[in-house]
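Here's the letter readout for the chains.
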Amino acid sequence: MEIENLVAALRHYDGPVLKIMEICGTHTAAIFKSGIRSLLSPKIKLISGPGCPVCVTPAAFIDRCVGYAQKENHVLLTFGDMVKVPGSSGSLATAKGEGARVELMYSPLEAVEKARAHPHLTYVVAAVGFETTAPAYGLALEEAVAGGVKNLKFVTALKTVPPALDWICRHETGIDGFLCPGHVSVIIGSDAYRPLSAAFQRPFAVAGFEPEHILAALYDLVRRLEGGRKAGVHNLYGNAVKAKGNAKALALLERCFVPGAAMWRGLGMIPGSGLYLKEAYAAYDGGGRGLDSDVALPAACRCDDVITGRIEPGDCPLFGGGCTPSSPHGPCMVSAEGACGIWYRHSPVKGGNKR
């Protein structure tokens, strides 16, 4: 279908109100940047899900990382979007300002080089991410082992998306369909969503990140819902996503990690959703297990409702007022992939959603 006809069909849709959740923060950003929301019928509601690994990382993980950064002869390595995430009593940025050793990394493989170059220091990697990022940590782990690098540890908050989607489907019954995360799907494959679609009778569509890709996926979901065909997974990103995923990446995850229950900030414990270092790599394990409790979100913060699609970011009383990217109260405002941060940067309304 020509893009003009596709847009017209979405704009003039006049059936029952449909709520479609995009899981990926990159999709959320692309939807805002391209103005897709303005092209849709008011009866098509797009809501953001738990697609930001930083946002769902529990405060206990931040506390553990801060503890390492404060230890003598230890250096905490992290990606930049983790620095301002609040723990129970401060962030990595706060700790660094007080003298703790916190350094940014651009790839987990940097950690191996740093550890090799400075054997008198112990480098601790804050390993945060979904299936997209986890293979990079696995590569770094295997390289460290092969090179005999021993002064390196990984604190893990690695999570897998399908168990979280299962949680969403069980607890949030008002969601009609899902726009699957593109990057994650490259690793796990489109077939990973078939059990969920069959169990909960909801349509799933895998899409790329260009506006036309997202519009095509939304049209596919709306057309199926309108026609009463609720189950099924359609892969509209076939040039990057295969049915069975990336075999080499999946094999790497199998070699390095074992699944287990994990705490998702705002959601709670989700069985089988965490990735932890296997026993064979115990010497490199800086922790990750045992983070089964979390502190309450800041007063009036609604991040938990945002990542489950119960409210839009602009409906949070703190949004754009007390909570901004430069002074975040909750984790959804911190990361570049967090729904609140994306809404703040790209929405014309900063002080709350008055649409």
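Residues numbered from 1 in each chain as written. Predicted model: local features only at pLDDT ≥ 70, side-chain atom pairs only at ≥ 80, totals over all residues. Heavy atoms only, no water.

Help me understand the overall build of the chain, please; the structure alone is not making it clear to me.
Along the backbone of the chain there are 13 helices and twelve strands. Here the C-alpha radius of gyration of the chain, 21 Å, is about what a compact globule of 355 residues would show, namely 20 Å. Counting only residues that meet the buried cut, the chain has 54% of its 355 residues in that class. In the chain, the share of contacts with a sequence separation of at least 24, taken over all contacts with a separation of at least 6, comes to 75%. A total accessible area of about 14500 Å² is found for the chain, and carbon and sulfur atoms account for 54% of it. Across the chain, the centroid of the 36 positively charged side chains sits 1 Å from that of the 32 negatively charged ones. (Helix = DSSP H or I, 4+ residues; strand = E, 2+ residues; numbered from the N terminus. Rg over C-alpha atoms; globule rule 2.2 N^0.38 Å. Buried < 20%, exposed > 50% of the residue type's maximum accessible area, 1.4 Å probe, protein only. Contact = heavy atoms within 4.5 Å. Areas by Shrake-Rupley, 256 points an atom, 1.4 Å probe, with all protein chains shown as cover. Lys, Arg positive; Asp, Glu negative; His and termini not counted. Charge placed at Lys NZ, Arg CZ, Asp CG, Glu CD.)

It is not clear to me how the side chain of Ser190 should be interpreted in this structure. Could you clarify?
Position of Ser190 among the secondary structure elements: in the loop between helix 8 (182–188) and helix 9 (194–200). For Ser190, a relative accessible area of 3% puts it in the buried group. Residue contacts for Ser190: discarding those within four places in its chain leaves Ser185, Val206, Val233, Asn235, Val241, Lys242 and Ala243.

Looking at this model, I keep getting lost on the pattern of salt bridges. Mind explaining?
One pass over the full model with this rule turns up 14 salt bridges. For the salt bridge of Glu113 with Arg116, the shortest nitrogen-to-oxygen distance reads 2.8 Å. Of the two residues, Glu113 and Arg116 are both situated in helix 5 (residues 108–117); the distance of three residues between them amounts to about one turn of the helix. According to the relative accessible area criterion, Glu113 is partly exposed, its value standing at 42%. (Salt bridge = Lys/Arg side-chain N within 4 Å of Asp/Glu carboxyl O.)

Which parts of the structure should I look at to understand the pairing of strand 1 (residues 18–22)?
The side chains of a regular strand alternate between both faces of the sheet. Summarising burial for strand 1: four of the five residues are buried, a large majority. A crossover links strand 1 with its parallel partner strand 2 (residues 44–48), the connecting element being helix 2 (residues 25–34), and its sense is right-handed. As paired elements, strand 1 and strand 7 (residues 177–180) share three bridges and run parallel to each other. When the sheet's bridge partners are listed, Ile20 is paired in strand 7 with Gly177. (Right-handed = clockwise from strand over helix to strand, strands pointing away. Pairing = 2+ DSSP bridges.)

Any chance you could explain the environment of Leu236 here in plain terms?
By secondary structure assignment, the location of Leu236 is in the loop between strand 9 (233–235) and helix 11 (247–256). Note: C-alpha distance between Leu236 and Asp220 (16 residues apart in sequence) is 9.1 Å.

I'm lost on the pairing of strand 5 (residues 122–129) in this one. Help?
In terms of residue burial, strand 5 counts as a mostly covered element, since eight of its eight residues are buried. What you see with strand 5 is no split at all: Thr122, Val124, Ala126 and Val128 on one side and Tyr123, Val125, Ala127 and Gly129 on the other are buried throughout. Looking at chain direction, strand 3 (residues 74–78) and strand 5 are connected through four bridges and run parallel. Residue pairing for strand 5: Leu76 is matched across the bridge by Val124. Looking at chain direction, strand 5 and strand 6 (residues 152–159) are connected through seven bridges and run parallel. Looking at strand 6, one finds that Ala126 is bridged to Val155. For the crossover from strand 5 across helix 6 (residues 134–146) to strand 6, the handedness is right-handed.

Which parts of the structure should I look at to understand the sheet that holds strand 8 (residues 204–206)?
Whether parallel or antiparallel, the strands of a sheet pair through hydrogen bonds between backbone atoms. Read from one edge to the other, the open sheet built from five strands follows the order 2-1-7-8-9, with strand pairing classed as parallel. Of all strands in the sheet, those bounded by a partner on one side alone are strand 2 and strand 9. Ignoring which end each strand starts from, the neighbouring axes of this sheet average 20 degrees apart. Along the sheet, helix 10 (residues 211–226) makes contact with strand 1, strand 2, strand 7, strand 8 and strand 9, crossing strand 8 at roughly 160 degrees. (Axes fitted to C-alpha atoms, helices over the stretch in contact; angles between N-to-C directions.)

Please explain the packing of aromatic side chains as it appears in this structure.
Two numbers describe a pair of aromatic rings. These are the distance of the centres and the angle of the planes. Within the structure shown, the criterion is met by six aromatic pairs. Centroid distance Phe32 to Trp343: 5.0 Å. Interplanar angle 65 degrees. Geometry classified as edge-to-face. Taken together, the residues span a long stretch of sequence, with Phe32 in helix 2 and Trp343 in helix 13 (residues 339–346) at a distance of 311 residues. For Phe32, a relative accessible area of 15% gives the class buried. Plain terms: the ring middles of Phe319 and Tyr344 are 6.2 Å apart, the flat faces sit at 70 degrees to each other, and that makes the pair edge-to-face. Taken together, the residues span a long stretch of sequence, with Phe319 in the loop between helix 12 (303–307) and helix 13 and Tyr344 in helix 13 at a distance of 25 residues. A relative accessible area of 3% means that Phe319 is categorised as buried. Counting every residue linked through ring pairs, the aromatic cluster contains Phe178, Tyr193 and Phe204. (Phe/Tyr/Trp six-rings, centres within 6.5 Å; stacked < 30°, edge-to-face > 60°.)

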